[in-house]
Amino acid sequence: MKEASLYEKIDGRVVCTACNRYCVLKDGQIGFCGIRKNVGGKLYLLSWGLTASMNIDPIEKKPLFHFKPGSRVLSISTTGCNWMCKYCQNYDISQRRTVEGYSLYPEDARKILKEYGADGASYTYNEPTIFAEYARDIAAEIKKVKGFNTFVSNGYLSREAVDYVSSFLDAITVDFKGNANDSFARKYINIKSYDPVFQTLKSLKEKGIHIELTDLIVPVEGIGDNIEDARQLVSWIKLNLGENVPLHFTRFHPDYLMSEVPPTPISVLEDHYRMAKDEGMKFVYLGNVPGSKLENTYCPRCGRLVVEREGFSIKRKFFDNSGHCSFCGEDLHIVT
Ligand SMILES: [Zn+2]
């Protein structure tokens, strides 16, 4: 464990500023996420130096389709989370409230990255903002070998955390993890509102961090898969983040407390895809649908196939070193 940076002291209590919950903690208390604790008036990150899960993944798995395509990332997580999604795919680590894992110091991460020939690191599987200080320390080591750093996040960052992580992040995938509507949020995620997520996205855009978005389509009660709600979300995205932000609609997979809910019908996902294209988004994808042609990138100007994907691997690509279409020169907004 290590003393955290993201907190303030107020009247003998500490206020954790890592995420938008702003937990107020008395001496001995642990925050909602399960890994940040007030010890004698100071906030400690209990999971600093402990990873609960670590893998080398294709960057396409995050999903990041427009950032360093074809690269490999060292994925690192801890235990705990600031959300409680009832269908979490990683509930074993995210909802665990005992802090445990394998010892992994920042310099170890750098050595593993080199050993496996990975190109960057991704802080993922559980919400990385809750272990932002650990991620920052690892990121500093990764940068020493010219690696990049990315988050896979729910976007529920505090203003303070946005500033903090912007100093070391190159890219972020923000996953709405369901319909970005507050009644869905209260019932299935245990947050009051998505407003902080929208605020985070606007701030990250201002700071110039590469953003991709994931909208998980949860087929429950006609809420999680409501296409008019999704249309509103898409129009917000287009207005505030622009039409070039890659948008991934992903298929729900039954898990955790919602193992009875069936996977999202492919036709529902395809309806979402068409809606987003009709609204003017240029780079729309389906996720968790192996074999779908809608995992590919098509040039928004000439319509040609420019990146052919199969699962998380790239089969063919037709863009130049600055991310422009090989056929017509259109900017594909790919960071190469
Ligand atoms: Zn083209």
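Residues numbered from 1 in each chain as written. Predicted model: local features only at pLDDT ≥ 70, side-chain atom pairs only at ≥ 80, totals over all residues. Heavy atoms only, no water.

Caption draft 1: Here's a closer look at the coordination of the zinc ion. Donor atoms from the polypeptide that coordinate the zinc ion comprise Cys299 (SG), Cys302 (SG), Cys325 (SG) and Cys328 (SG), at 2.3 Å from the metal. Taken together, the 4 donor atoms surrounding the zinc ion define angles of 103 to 116° at the centre, an arrangement classified as tetrahedral. All donor residues of the zinc ion come from one chain, and their arrangement in sequence is C-x2-C-x22-C-x2-C. A relative accessible area of 2% places Cys299 in the buried class. (Donors = N, O, S within 2.8 Å, 3.2 Å for Na, K, Ca; no water. Tetrahedral: all angles 85-135°; square planar, octahedral: opposite > 155°, others 65-115°. Buried < 20%, exposed > 50% of the residue type's maximum accessible area, 1.4 Å probe, protein only.)

Caption draft 2: Representation of the side chain of Asn154. Along the chain, Asn154 turns up in the loop between β12 (148-153) and α4 (159-166). Taking the relative accessible area as the measure of exposure, Asn154 reaches 1% and is therefore buried. Separated by 3.0 Å, the side chains of Asn154 and Asn82 make a polar contact. Residues within four places of Asn154 in sequence aside, it is in contact with Asn82, Trp83, Glu127, Val174, Asp175, Lys177 and Val197. (Helix = DSSP H or I, 4+ residues; strand = E, 2+ residues; numbered from the N terminus. Polar contact = N/O pair within 3.5 Å; in protein donor to acceptor, adjacent residues only side chain to side chain. Contact = heavy atoms within 4.5 Å.)

Caption draft 3: Focus on unusual backbone geometry. In this model, Lys62 is joined to Pro63 through a cis peptide bond whose omega is -5°. Turning to its location among the elements, Pro63 is positioned in the loop between β8 (53-58) and β9 (72-77). Backbone geometry places Tyr22, a non-glycine residue, at a positive phi of 45°. Take Tyr22: it is sitting in the loop between β3 (13-16) and β4 (24-25). With a relative accessible area of 22%, Tyr22 lands in the partly exposed category. With a phi close to 60°, Asn288 is a non-glycine residue in the positive phi region.

All we've got here are geometric facts, nothing functional implied.
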